[in-house]
Amino acid sequence: MVRRIVVLGADAAGMSAASQALRVAARRGESIEVVALERSHHTSYSACGIPYWVAGDVANQQTLVARTAEQHRRNGIDLRIRHEAIALDVDRRTVEVCEVDAGSTSTLGFDEVVVATGAVPVRPDVPGADAAGVIGIQTLDDGARLLGWLDDVKRRRSSPCRAVVVGAGYIGVEMAEALLRHGCEVRIVDRAPQPMTTLDPDMGTLVRAAIEDLGVDVVTGASLLGFEVESHDDNSRVRMVVTDRDSYDADVVVLGMGVRANTDLAAAAGLPTGARGGISTDPRMAVRGQDGVWAAGDCVESFDRISQRWVHVALGTHANKQGRVLGTNLGGGHAKFPGIVGSAASKICALEIARTGLREVDASEAGFQYVVGRVESTTRAGYFPGSKPLTVKMLAEQGSGRLLGAQIVGQGAGSAQRIDACAIALWNEMTAAELAMTDLSYAPPFSPVWDPVQIAARNAAEALAG
Ligand SMILES: Cc1cc2nc3c(=O)[nH]c(=O)nc-3n(C[C@H](O)[C@H](O)[C@H](O)COP(=O)(O)OP(=O)(O)OC[C@H]3O[C@@H](n4cnc5c(N)ncnc54)[C@H](O)[C@@H]3O)c2cc1C
């Protein structure tokens, strides 16, 4: 009997799992049937590239598609686009499927099922949130909608488009750059005291100053109350963002308010979820307590190796790796997802922002006593043309000296990728003193003779020594 595997959600995690399962099973000489259901029009595309496509760095949306539906089918996956899984019955081994365009439903049986339904963007429950021109950014269709809307505003207005980004996380700041590149007057509004709450507030302050230098108005400590709309052709379009601090004119609003794990289907099927709202899996990406049920990507929780806690971190880097691990096991091999340390990078124009490990608040919550090492340095040797300011902050545990986290804000190329040296150090439980003396490369076009990461580590080691 050929095993039938049904994959729910056909993007990063789902299709990594499907492709890897087929490869591993084939290597073992087993033939499996893989059916993948995707409710949208798209499969295997880079949502991460959407801000750069909207900005104009990437020519068109096709460029963001890593593998088309046709390519997946040629590789042996029965990929059904515009098919939504509307109910999952784990005991009966069936999925209820709705053909979105036809509206018809049918039942599909499976031997094993993969839940890879991703995350849903937070959409505020405030008046006017459904008005035209209020656009969340998650899918290629969202990117196309925003580009169309910007063209429309350009046709209607002789003066620059007034754009408000609600949410100053990494998607918010990346979209702010895209809007600047369209000639918009850009304002970012967030309820937190500083942008980029994935950093400590002192590093967020640096981000704020640099974003303001780009001409973006940054409004913080402002909670969204709603959107004022104006009517046109029987429709309403956004004209103002209303917060508890003030109201702001807006021809377009981009929402970057974060995401939550998309677990509605899984929860209704009785699959276990954790405190952070994601599906609970073991390191093989098997759903806990459920035979033949697997999950990966933005819909699951991940184990944080530093805090030793389960967290929900919705990033493509994890979705792809988890999908591959899942597919290996599903295909009959053995693999484990080893957890995360919380590395992420982002940019707005020349400003690069990166983080790994714990912020001060996370370290305190996890019960660590820590010291901080910090340095203001440069991206290249100070005398080398193009050298730009760069700040690195590092946390190390009192007593053991083990690194707990690092954050980087730099004004030039090469800033953000330095976080990878820190991530490797965290992953391997290195101390601040060890990182300070690690043999990293040096040449003037790439770094000062002491790399800023190593100076921050050295400063942390000195703080530990008292
Ligand atoms: C603008 C933007 C920029 C980003 N930048 C980065 C970055 O720089 N680095 C990074 O690591 N990550 C980034 N991410 C996050 C990254 O894109 C996601 O973490 C990744 O796509 C998650 O993959 P996934 O397969 O788990 O979920 P998704 O990509 O969300 O795929 C889930 C799929 O399931 C489908 N689906 C859901 N429910 C059903 C159902 N019931 N039936 C059928 N289909 C269903 C959805 O339509 C969707 O296609 C970015 C995301 C966005 C939106």
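Thresholds applied
- Residues numbered from 1 in each chain as written.
- Predicted model: local features only at pLDDT ≥ 70, side-chain atom pairs only at ≥ 80, totals over all residues.
- Heavy atoms only, no water.
- Helix = DSSP H or I, 4+ residues; strand = E, 2+ residues; numbered from the N terminus.
- Rg over C-alpha atoms; globule rule 2.2 N^0.38 Å.
- Contact = heavy atoms within 4.5 Å.
- Areas by Shrake-Rupley, 256 points an atom, 1.4 Å probe, with all protein chains shown as cover.
- Lys, Arg positive; Asp, Glu negative; His and termini not counted.
- Charge placed at Lys NZ, Arg CZ, Asp CG, Glu CD.
- Disulfide = S-S within 2.5 Å.
- Buried < 20%, exposed > 50% of the residue type's maximum accessible area, 1.4 Å probe, protein only.
- Pairing = 2+ DSSP bridges.
- Patch = residues over 30% accessible without salt bridge, like charges linked within 9 Å, V, L, I, M, F, W, Y side chains within 5 Å.
- Salt bridge = Lys/Arg side-chain N within 4 Å of Asp/Glu carboxyl O.
- Phe/Tyr/Trp six-rings, centres within 6.5 Å; stacked < 30°, edge-to-face > 60°.
- Lys NZ or Arg CZ within 6 Å of the ring centre and 35° of its normal.
- Axes fitted to C-alpha atoms, helices over the stretch in contact; angles between N-to-C directions.
- Parallel < 35°, antiparallel > 145°, perpendicular 65-115°, else oblique.
- Left-handed = near helix turned anticlockwise from the far one by under 90°.
- Nonpolar A, V, L, I, M, F, W, Y, C, P; charged D, E, K, R; others polar.

**Student:** Where do I start with the overall build of the protein chain in this structure?
**Tutor:** Along the backbone of the protein chain there are 12 helices and 25 strands. The C-alpha atoms of the protein chain give 24 Å as radius of gyration, which agrees with the globular expectation for 466 residues (23 Å, within 12%). The dimensions of the protein chain, computed from C-alpha atoms along their principal axes, are 65 × 60 × 40 Å. The long-range fraction of contacts in the protein chain, counting pairs at least 24 apart against all pairs at least 6 apart in sequence, stands at 63%. With an accessible surface of roughly 20200 Å², the protein chain has 49% of that area assigned to carbon and sulfur atoms. Positive and negative side-chain charges of the protein chain, numbering 46 and 56 respectively, have mean locations separated by a distance of 4 Å.

**Student:** Whenever I open this one, the state of the cysteines confuses me. Can you help?
**Tutor:** Two cysteines whose sulfur atoms are joined by a covalent bond form what is called a disulfide. Taken as a whole and assessed by the stated rule, the structure comprises 0 disulfides. Free of any disulfide, Cys161 has its nearest cysteine sulfur in Cys184, 3.8 Å distant. On the basis of relative accessibility, which here comes to 7%, the residue Cys161 falls in the buried class.

**Student:** Is there a simple way to think about the pairing of strand β1 (residues 3-8) in this case?
**Tutor:** The side chains of a regular strand alternate, residue by residue, between the two faces of the sheet. Most of β1 sits out of view: 5 of its 6 residues are buried. When β1 meets strand β2 (residues 32-38), the two strands line up parallel, connected through 6 bridges. Bridging from a neighbouring strand, Val7 pairs with Ala36 of β2.

**Student:** Teacher, can you tell me more about a nonpolar patch on the surface here?
**Tutor:** Judged by side-chain polarity, Tyr383, Met437, Tyr442, Val449 and Trp450 come together as a nonpolar surface patch covering roughly 600 Å² of accessible area. Counting through the fold element by element, Trp450 comes out in the loop between α11 (432-436) and α12 (452-465).

**Student:** Would you take a moment to explain the packing of aromatic side chains for this structure?
**Tutor:** How two aromatic rings sit relative to each other is set out by the distance from centre to centre and by the angle between their planes. For the structure on display, the rule yields 1 aromatic pair. Directly above the aromatic system of Trp450 lies the positively charged group of Arg458, at a separation of 4.3 Å from the ring centroid.

**Student:** Help me understand the packing of helix α1 (residues 12-27) against helix α8 (residues 316-330) in this model?
**Tutor:** Angle between the axes and distance between the axes: these two values describe a pair of packed helices. As a packed pair, α1 and α8 sit with axes 7 Å apart at the nearest point and diverge in direction by 30°. Comparing the axis directions of α1 and α8 gives the class roughly parallel. Crossing of α1 over α8 shows right-handed handedness. Of α8, the residues touching α1 (which contributes Ala12, Ala13, Ser16, Ala17, Gln20, Ala21, Arg23 and Val24) are Ala319, Asn320, Gly323, Arg324, Leu326, Gly327, Thr328 and Leu330. Here the contact of α1 with α8 is built from residues that sort into 8 nonpolar, 6 polar and 2 charged.

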